[in-house]
Amino acid sequence: MRGIVALFRLRFMVNLQYKAAALANVFTQLFFGFVMVMVYEAFFNSTSVAMPMTFEQTVTYIWLGQGLLALIPWSGDREVQAMIRKGDVAYELVRPVNLYWFWYSRLLALRIAPMILRSIPLFLVASQLIPEELRVKPPVDLEHFLVFLLTMVGAVFLGGALSNLITISTLFTIGDGMDRFFPALVIFFSGLVVPLSFFPDWSQPIFRYLPFSGLMDTPYKLYMGIYPLDTVPFALLHQLFWTALLVVLGQWMMRKADKRIVVQGG
């Protein structure tokens, strides 16, 4: 365990060095955030039908999604996947550590460090430097903000488990099918482009029970007070259940791969 923690700290510090790349991503996410806000503004102005979220809530939802975009698990660990394809994964397989947790810790650092670099300047701009009606709004109260932070911790661990499945799947395939398929799945079911509240009523239970809602939709709705505080136990249990299930599945896949893997290249 000490080695896993040390690896996380090392990868975290390494990823904090990419400040220029983070700044470029801030400008990109600000651009896409503005585009999405303007699209929804036109949508709200062109209809008289009651919406499941107010325009203010939708704007806040969009900016939270852009600010915390780095936490979305739409890919595996590119370095590890490259090692698998080149055959260098042989060096990973002989490490005296649990390889699943070794890769998992890398992924957590890969998600958290860029998020810190990007979110602070983006939220500064989105809360202070743009027209007031287009700004991200503060949480409804301190209690909802604290449970938002708690569920975002759960979202980080859940996202790490999902990303690790993509990385491990590379051990079974030569191509990058999961890297092509998984981003669309995450984007659609997490609410990154369209908040899940805007989908039909019959689909709401499906979305809520799938693991993807725990990545952003549930924490963001707690932040805005759409979900009351009595839903917090369900939200945390939902994240914990799916994280544990995906970790067990990932470790089973690692054991299967370890018995049948053939190293190519070298």
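Within each chain, residue numbers correspond to sequence positions counted from 1 in written order. Predicted model: local features are reported for residues with pLDDT of at least 70 only, side-chain atom pairs are reported and counted for 80 or more only, and whole-chain, interface and lining totals are derived from all residues. Think of the side-chain values as coming from all heavy atoms in the structure, minus any hydrogens and water.

Peer 1: Talk me through the nonpolar core; I want residue IDs and the actual numbers.
Peer 2: Working definition of a nonpolar core: buried Ala, Val, Leu, Ile, Met, Phe, Trp, Tyr and Cys residues. They are joined through side-chain atoms within 4.5 Å. Buried means the residue's accessible area, taken with a 1.4 Å probe over protein chains only, is under 20% of the maximum for its type, while exposed means over 50%, and partly exposed covers the values in between. Residues W103, L171 and Y220 are the most contacted members of the largest nonpolar core, which totals 52 residues. By the criteria applied, helices consist of DSSP H or I runs no shorter than four residues and strands consist of E runs no shorter than two, each listed in order from the N terminus. Going through the elements one at a time, α1 (2-15), α3 (55-67), α4 (78-86), α6 (99-128), α7 (142-169), α8 (177-190), α10 (217-224) and α11 (232-260) are the ones with two or more residues in this core. The criterion used for residue contact is that any of the two residues' heavy atoms lie within 4.5 Å. In contact with W103, other than residues within four places in its own chain, are V80, I84, V89, E92, N164, T167, I168, L171 and M254. One finds V26, V59, A126 and L134 within the second-largest nonpolar core, a separate group that totals 15 residues.

Peer 1: For empty space enclosed by the protein, give the residues involved together with the corresponding values.
Peer 2: Gaps left between atoms are located by rolling a probe of water-molecule size over the structure's atoms. Whether a set of points on the 1 Å grid over the protein atoms alone is a cavity depends on a 1.4 Å probe fitting there but being unable to get out, while an open set qualifies as a pocket with protein on both sides within 12 Å along at least five of seven lines; lining residues are those with an atom within 4 Å of a point. Grid points are joined across faces, edges and corners, and a volume is the space filled by probe spheres set on the points. A complete count under the given rule lists two cavities of 30 Å³ or more for this structure. One number sums up the size of the largest cavity: a volume of about 60 Å³. No other element matches the four residues that α11 contributes to the lining of the largest cavity.

Peer 1: Would you mind going over the environment of V193 in detail, with residue names and values included?
Peer 2: You can see V193 is positioned in the loop between α8 and α9 (204-209). Assessed through its relative accessible area of 43%, V193 is described here as partly exposed. Spatially, the C-alpha atoms of V193 and I62 are 8.0 Å apart, while their sequence positions differ by 131 residues. Here V193 is in contact with M36, Y40 and I187, once residues within four sequence places are set aside.

Peer 1: Explain the packing of aromatic side chains to me, using residue names and the numbers behind them.
Peer 2: To describe a pair of aromatic rings, one takes the distance between the centres and the angle between the planes. We call Phe, Tyr and Trp rings a pair once their centres come within 6.5 Å, taking the six-membered ring for Trp, and we label the pair stacked below 30 degrees between planes, edge-to-face above 60, and tilted otherwise. Scanning the entire structure with this criterion turns up 23 aromatic pairs. Ring geometry for F43 versus F198: centroids 6.3 Å apart, planes at 70°, classification edge-to-face. Residue F43 is found in helix α2 (residues 19-45), and its partner F198 is found in the loop between α8 and α9; the two are separated by 155 residues along the sequence. Since its relative accessible area comes to 36%, F43 is described here as partly exposed. Residues F188 and F207 carry aromatic rings whose centres are separated by 6.1 Å and whose planes lie at 55° to one another, so their mutual orientation is tilted. Of this pair, F188 sits in helix α8 while F207 sits in helix α9, placing them 19 residues apart in sequence. Feature note: the residues F182, F188, F189, F199, F207 and F212 constitute an aromatic cluster, connected by ring pairs.

Peer 1: Quick rundown of a nonpolar patch on the surface? Include the residues and the values.
Peer 2: Here a patch means residues that are over 30% exposed by relative accessible area and free of salt bridges, tied together within 9 Å if like-charged and within 5 Å if nonpolar (Val, Leu, Ile, Met, Phe, Trp, Tyr). Under the convention used here, a 1.4 Å probe and the Shrake-Rupley method define accessible areas, while residue burial counts only the protein chains that appear. Salt-bridge detection follows one rule: a side-chain nitrogen of Lys or Arg within 4 Å of a carboxyl oxygen of Asp or Glu. A cluster of nonpolar side chains, contributed by F31, F32, V35, M38 and V39, occupies part of the molecular surface with about 490 Å² of accessible area. Structurally, V39 can be placed in helix α2.

Peer 1: Give a description of the environment of F234 that names residues and reports values.
Peer 2: Structurally, F234 can be placed in helix α11. Sequence spacing of F234 and G160 is 74 residues, and the spatial spacing of their C-alpha atoms is 20 Å. When sequence neighbours within four positions are dropped, the list of residues in contact with F234 reads R208 and Y209.

Peer 1: Lay out the pattern of salt bridges with the relevant residues and their values.
Peer 2: Applying the stated criterion across every chain, the model contains three salt bridges. In this structure, the salt-bridge partner of D77 is R106, at a minimum N-O distance of 2.9 Å. Linking D77 in the loop between α3 and α4 with R106 in helix α6, this pair joins segments that are 29 residues apart in sequence. Taken individually, D77 and R106 each receive the classification buried, so the pair is uniform in this respect. As a salt-bridge pair, D217 and K221 come within 3.0 Å of each other at their nearest N and O atoms.

Peer 1: Provide a residue-level description of the layout of surface pockets, including the pertinent values.
Peer 2: Taken as a whole, the largest pocket holds about 490 Å³ of empty space. Lining the largest pocket are 24 residues, and of these N15, L110, R111, P114 and R118 sit closest to its centre. Mapped onto the lining of the largest pocket, the elements with two or more residues apiece are α1, α2, α4 and α6. It is α6 that contributes the most residues to the lining of the largest pocket, six residues altogether. Residue composition of the lining of the largest pocket, grouped by class: 11 nonpolar, six polar and seven charged. Think of it as three bins: nonpolar holds Ala, Val, Leu, Ile, Met, Phe, Trp, Tyr, Cys and Pro, charged holds Asp, Glu, Lys and Arg, and polar takes everything else, Gly as well.

Limitation: the analysis is restricted to geometry and does not speak to function.
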